[in-house]
Each structure stands twice: as structure tokens, then as C-alpha cells.
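Residues per chain, in single letters:
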Protein chains: 2
Amino acid sequence: MMKPIIALYHDLKDEHKEKLQEMAPNYSVKVFHEVSEYDLDAVEIILGWNNDWDASILEKMPHLKWIQKETAGMNAIDESVRQSDKLLLSSMSGIHADSISQSVFAFILSYYRGFYQALRDQRDSKWNQEYYADLKQANERVLLIHGTGALSKQMAKVAQVFEMTVYGVNTNGRDVELFDKTVSSDQADSLIEEADIVINTMPLTNDTRDLFDAKYFDLMKEDAIFINVGRGESVVEEDLIDALEESKIAGAYLDVTRVEPLPEESELWQAPNLVITPHSSGAVEHFRDAVFGVFAENLEQYLEDGTLARNQYNYSKDY
Amino acid sequence: MMKPIIALYHDLKDEHKEKLQEMAPNYSVKVFHEVSEYDLDAVEIILGWNNDWDASILEKMPHLKWIQKETAGMNAIDESVRQSDKLLLSSMSGIHADSISQSVFAFILSYYRGFYQALRDQRDSKWNQEYYADLKQANERVLLIHGTGALSKQMAKVAQVFEMTVYGVNTNGRDVELFDKTVSSDQADSLIEEADIVINTMPLTNDTRDLFDAKYFDLMKEDAIFINVGRGESVVEEDLIDALEESKIAGAYLDVTRVEPLPEESELWQAPNLVITPHSSGAVEHFRDAVFGVFAENLEQYLEDGTLARNQYNYSKDY
């Protein structure tokens with residue numbers, strides 16, 4: 001009888017494939033393009049996913065038991081697949097937590113310490129101390145994070161070393177370690193008014209589409225800054241440009257935009273006090289190594305008792 | 001008989017002066033320009049210093065017992081005054097630790113997360129993901145700090161949250177909390193070769209003048225970066241420009257330069273992969289409040305037992 005297959009949608013390093021084969025001697029570890037139509041029947045585990053696949057894939061792989069995605073979002077998987085109670089699903093949530101949080105603090109610290117002004121002055125060969133008295137420290141600033149998952153927790157951890165206060169918004173307002181206070185989104189107004197920094201980390205849902213609009217920016221303090229490392233569609237970009245131009249908020253950082261790549265003619269490029277990175281905040285050095293690490297950790301437990309060590313997806317919670 | 005005087009070289013907020021008067025009811029708290037020539041005789045404590053004063057000031061203030069400087073460096077005080085064993089001297093060392101360390105990490109994180117490239121692309125309205133694969137995280141990078149005082153310790157503390165390794169160089173290689181390893185300066189070569197980031201925090205002495213020269217940059221890794229928040233005279237600027245132009249090191253951040261303000265014609269302004277801030281890394285928001293805090297803490301102990309709680313200067317150690 002054919003060995004069950006661990007199918008890698010994208011290849012891994014040889015040493016990592018060998019390690020998987022050692023861990024699971026009763027399985028065949030194969031790159032997906034090496035799996036014939038006939039072999040699909042033997043696929044039990046997939047690392048990776050093709051966003052064009054729909055529920056019919058389950059008919060072709062009737063023995064599929066576990067899908068380990070290589071990204072954080074699960075919505076690219078067809079809803080009927082996500083609903084299945086015969087399948088284990090897991091994400092790479094958290095794998096980008098270090099890189100995104102470091103990108104976010106690169107912006108926060110550069111903003112408070114006057115680097116954007118200094119870079120402009122440097123281009124003009126100008127030693128300009130005029131803004132010296134405006135420089136701030138991060139200490140005691142209030143950080144309000146939409147989302148309290150792995151990335152947000154990592155940001156809260158970094159914020160603590162800078163002695164900041166960290167508030168979180170999540171679906172039901174449940175307490176989360178490292179957060180000084182958490183509220184549900186319908187209770188967020190008073191925290192928005194208090195925040196020095198607002199960060200969006202949320203996936204796109206009906207609740208988060210167009211969440212950051214003129215009304216939201218009006219609630220924010222005039223010296224507060226806004227950061228989006230979630231999804232572009234959560235921000236009404238015209239309203240953000242207005243808020244920056246009218247100094248309703250002091251600055252912003254967007255790593256994601258509604259249309260990507262952001263077209264050359266977009267007015268965002270020239271908006272005042274806005275920094276844009278090209279959806280790169282989450283770029284992970286040695287990404288395949290990190291993917292292997294999470295997968296190997298889950299595989300070890302899966303082989304032991306059929307469960308997963310981390311990042312298991314739950315349809316009813318949608319994360 | 002006249003009350004002894006606490007003389008403030010620069011004024012403090014009224015509420016802070018009132019607080020000092022409450023703490024020390026047997027003293028007069030006066031701003032220095034209110035102190036007449038005749039009253040100098042009664043001055044026992046000075047907060048602040050005039051860099052033009054020499055040892056003759058001691059003759060005018062024969063009852064002076066304690067000088068609390070408002071800056072970190074003590075060398076502006078005449079050596080004969082610093083040598084006196086009848087005087088207590090104390091600095092504001094550490095007061096800039098938060099701001100400087102946040103400026104340093106603004107640069108480190110912005111460098112690793114590709115913000116300097118992104119800012120150039122933004123000026124060209126260009127969504128450029130070409131450098132995506134070059135982005136790095138701070139994690140596991142090796143930080144080598146010249147100096148292990150209050151500022152360096154704060155940087156080590158921040159580095160820990162990013163899971164970095166921290167080495168220190170000090171006069172005798174003594175162990176210091178938060179540092180993974182410390183060596184004396186004559187033992188530093190192997191650490192320089194290993195470092196991803198070199199930071200200078202040192203005051204100017206014979207040992208630190210011109211320390212960072214072609215020979216030093218040659219020891220550094222090609223993908224390492226150099227940061228100077230100490231004194232400009234510690235860096236041979238022509239050698240730094242050469243090292244950057246010849247890609248012997250990957251980048252640098254200077255907050256201090258040999259000549260300040262840095263003249264418009266300096267070649268530093270245009271050196272590749274160099275960021276310059278105008279000696280602003282240590283700018284402290286609410287600076288006078290911070291000065292008051294350190295002084296009040298020392299005054300409390302001085303009144304109790306004649307000693308100081310923190311930052312006491314020791315001539316033989318020169319810090």
C-alpha cells in the first residue's frame with residue numbers, strides 16, 4: 001500500500017525535507033508538483049495552499065486531514081473547506097510578528113525622535129536644530145492596537161520596554177496578557193480619544209472595512225499618529241489624506257493600501273507626514289526556515305496524537 | 001545669620017522651586033542672577049554651571065559644598081575644582097538615556113526594515129518591492145557598545161526585547177548587568193569582527209579621540225553598521241566616508257560631528273547610507289522637569305546625611 005503523502009506546495013531546503021522525512025518515516029515527503037493526479041488520493045497533509053482551489057479539491061484528496069497554510073490569513077481558503085469538521089487547519093500566524101513590530105517601532109521612534117525632519121534637512125546639507133524642542137520620547141505614550149493576536153502581543157511587549165501604556169480592541173473586549181486595558185470595538189471611542197498612536201493589525205471583515213474614516217480621525221488627538229499594517233481596505237484613504245492635510249492627526253504610516261501596487265498617480269504619495277512602505281513590513285529574513293519551524297513543530301505533535309501544537313484555525317472564531 | 005543658599009544657575013518652574021523650599025526650609029532657594037556678590041558667601045549648593053568659571057569661583061563661594069551639573073559631561077568644570085576633596089560633584093548622567101537609546105533604535109530598526117529605501121521610493125511615487133528579500137530583523141544581531149554606563153545599559157535593555165546579543169567595551173572589561181560579554185578596549189578586536197552594529201557612547205578622552213578610523217572600519221563586517229552618539233572627535237570622518245563609499249561597512253548614523261554645526265560644504269552630507277541628526281538624539285521632552293527630578297532626589301539625601309543618591313562624580317575614575 002502507498003505511504004500517505006506530506007505535500008509541500010512550495011519547496012523547502014533539502015536539509016529541512018530530510019528532517020521531515022526522518023520525523024515521519026511512514027510518510028512520503030513530496031513537493032506538490034511531484035504528486036501525480038493518481039497520488040492525490042494519498043495526500044494526508046499539505047504545507048501551503050493555492051488560492052484558486054475550491055471545495056472540489058477535497059474530492060480529489062479524500063484522505064486529506066491537515067492543511068498548514070504558509071501565511072497568516074485563512075480567508076483564501078474556501079469557506080466550505082474551512083467549515084469542514086474532518087480537517088485540521090492551521091496558519092502561520094505570528095511568523096511575521098517580529099518583522100512587523102520592528103517596522104512599526106521603526107516608524108514610531110523615527111517620528112518621535114525627529115528623523116523624518118532630519119532626513120529632509122540632510123538632503124539640503126542643513127544642520128537644523130529648530131525642531132529640537134519638539135522631539136519626544138515614546139515613554140508614557142498611549143498605544144491603541146486594533147487586534148490582540150500574536151503580532152499585537154509582540155508590539156505590546158516592545159512597548160513595555162519603552163514604558164508605554166498599551167490598550168487593545170478585540171471582538172468581545174476579553175482581557176489579554178501584556179495589555180493594560182482591552183475593550184470591544186463598540187466601546188473603543190474613549191480609548192481612541194486618549195491614544196497617542198493607533199495601530200490597525202486586523203484582517204478584512206465587514207467590521208473592519210472602511211473602519212478608519214473621517215469620523216475615526218476626528219476622534220483622534222491632533223498630535224496622535226495612525227499606523228496601518230492590517231489591510232488597505234480598512235482605511236478610507238481620501239479621509240486619511242484630508243486628516244493629514246488639515247492637521248487633524250499629526251502623522252501616519254501605511255504598509256498596505258487599497259490598491260496594491262499603489263499607482264504612481266495616487267495622492268497618498270505626496271500626503272504630508274505620511275510614510276509608505278510597499279507591503280514590506282512583514283518581510284521575514286530566512287522565511288522558508290521560519291515556515292519549516294512552525295510546520296515541524298505542528299507535525300511532531302500531529303504524529304504523536306493527531307492534534308496541532310500551535311496556530312490551529314477555528315471556524316466559529318474565524319482565527 | 002544668613003540662610004545658606006541653593007543657587008539655580010537656570011530657573012526652574014515655580015512649583016518646583018516651591019517644592020525645593022519645602023524640602024529645605026533652612027535654605028534660601030534663589031536663581032543665580034538674584035544672588036548678589038555679597039550673598040555668594042552663603043552659597044552652599046549650585047544646580048548648574050557656567051563653563052567660563054575657573055577655580056577662582058571657589059574663593060568667591062567659600063561655603064560651596066555641592067555642585068549638581070545639568071549635563072552629563074563633567075569636563076567643563078575646571079580640573080582643580082573637580083579634584084577638590086571638599087566638594088561634592090554630581091552630573092545629570094542618565095537623563096538622556098531614554099531619548100538617545102530611542103534615537104539609536106529608530107535608526108537600527110529603520111535600517112533593517114528598509115525605511116530609507118522606501119522613503120526614497122516614496123519621493124518618486126514608486127511602489128518598489130525589489131529590496132523585499134534584503135529586509136532583516138534585529139533578532140540575533142550582535143550589538144557592540146563602547147561604554148557601559150547608564151545610556152548603554154538602557155540600550156542593552158531595549159536590545160534584549162529584540163532578542164539581540166549585547167557586548168560592551170569599558171576601561172577594564174568589568175562585567176556589567178544586561179551585557180552578554182564585556183571586554184577592555186585593548187581586547188575588543190574579536191568583538192568588532194563579530195558585531196553587526198557598533199555604537200560609540202564614550203566621552204572624549206585620549207583613548208577615544210580618533211578611535212573610529214580606517215583600521216577600525218576595516219575590522220568591521222561588510223554588512224555591519226556604525227553609530228556615533230558619543231563625541232564627534234572620536235570618528236575620523238574622511239575614513240568613515242571612504243568606508244561607506246567603498247562598502248567596507250553597510251551604513252552609519254552620526255548624531256555628532258567633529259565640527260558642529262556641520263558646515264554645508266561637508267562631504268558627510270552626501271555620503272552613501274549615512275544618516276545625520278543635528279546633535280539632537282538626546283533632546284529630552286520636559287527637560288527642566290527631569291533636571292528637577294534628579295536634583296530633588298539628590299537634595300533629599302544630601303539634607304539627610306550629606307551624601308548624594310546618584311550620579312556622584314569621582315575624579316580618579318573621571319565619571
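Residues numbered from 1 in each chain as written. Chains lettered and ligands numbered in written order. Predicted model: local features only at pLDDT ≥ 70, side-chain atom pairs only at ≥ 80, totals over all residues.

**Student:** Can you help me understand the overall build of chain A in this one?
**Tutor:** Scanning chain A for helices and strands turns up 10 helices and 12 strands. A principal-axis box enclosing the C-alpha atoms of chain A has dimensions of 75 × 45 × 40 Å. Among the 319 residues that make up chain A, the fraction classed as buried is 42%. The long-range share in chain A, meaning contacts at least 24 apart out of those at least 6 apart in sequence, stands at 59%. (Helix = DSSP H or I, 4+ residues; strand = E, 2+ residues; numbered from the N terminus. Buried ≥ 20, exposed ≤ 12 C-beta atoms within 10 Å, placed from the backbone. Contact = placed C-beta atoms within 7 Å.)

**Student:** Before we go on, may I ask you to explain the sheet that holds strand β12 (residues 274-276) of chain A in this structure?
**Tutor:** Backbone hydrogen bonds hold the strands of a sheet together, and the pairing may be parallel or antiparallel. Residue and element names in this part refer to chain A. If you trace the seven strands from one edge of the open sheet to the other, you get β8-β7-β6-β9-β10-β11-β12, paired in parallel fashion. Both edges of this open sheet fall to β8 (181-184) and β12, since each of them pairs with a single strand only. Between one strand axis and the next, the sheet turns by 15° as a mean value, whatever way the strands run. Relative to strand β10 (residues 225-228), strand β9 (residues 197-200) runs parallel, the two sharing four bridges. Within β10, the residue paired with Asn200 across the bridge is Asn228. Running over the sheet, helix α4 (residues 97-112) touches β9, β10, β11 (251-254) and β12 and is turned about 160° from β10. (Pairing = 2+ DSSP bridges. Axes fitted to C-alpha atoms, helices over the stretch in contact; angles between N-to-C directions.)

**Student:** Explain the interface of chain A and chain B here, please?
**Tutor:** Often the size quoted for an interface is simply the accessible area lost on bringing the parts together. Tallying the contact residues gives 41 residues for chain A and 41 residues for chain B. Residue assignment for the side of chain A that touches chain B shows that the elements contributing at least two residues are α4, α5 (115-123), α6 (150-161) and β12 of chain A. Looking at side-chain class alone, the side of chain A that touches chain B contains 21 nonpolar, 14 polar and six charged residues. (Nonpolar A, V, L, I, M, F, W, Y, C, P; charged D, E, K, R; others polar.)

**Student:** Before we go on, may I ask you to explain the sheet that holds strand β5 (residues 88-90) of chain B in this structure?
**Tutor:** Residue and element names in this part refer to chain B. Judged by pairing direction, the sheet is parallel, and its five strands sit side by side in the order β2-β1-β3-β4-β5 without closing on themselves. Because the sheet does not close on itself, it has two edges, and the strands there are β2 (28-31) and β5. Put simply, the sheet's adjacent strands are angled 15° from each other on average, direction ignored. Note: strand β1 (residues 5-8) against strand β3 (residues 43-47), four bridges, orientation parallel. By the bridge assignment for β3, Ile6 is matched with Ile45.

**Student:** Looking at this structure, how should I read the nonpolar core?
**Tutor:** For soluble globular proteins, nonpolar side chains are generally found buried alongside one another. Counting residues in each nonpolar core, the largest one holds 117 residues, and the members touching the most others are Ile197, Ile227 and Ala252 of chain A together with Ile197 and Ile227 of chain B. Other than its neighbours up to four places away in sequence, Ala252 of chain A contacts Ile225, Phe226, Ile227, Leu240, Leu244, Asn273 and Leu274 of chain A. Membership of the second largest hydrophobic core comes to 31 residues, among which are Ile5, Leu12, Met92 and Tyr313 of chain B. (Core = buried A, V, L, I, M, F, W, Y, C linked by C-beta atoms within 7 Å.)

**Student:** Before we go on, may I ask you to explain the pairing of strand β7 (residues 165-170) of chain A in this structure?
**Tutor:** On a regular strand, each side chain points to the face opposite its neighbour's, so the side chains alternate between the two faces of the sheet. Residue and element names in this part refer to chain A. With five of six residues buried, β7 is to be regarded as a mostly interior element. Bridge analysis of strand β6 (residues 142-146) against β7 gives five bridges, and the strand direction is parallel. Directly across from Val142, in β7, lies its bridge partner Thr165. Two elements, β7 and β8, share four bridges in a ladder whose sense is parallel. Within β8, the residue paired with Asn170 across the bridge is Ser184.

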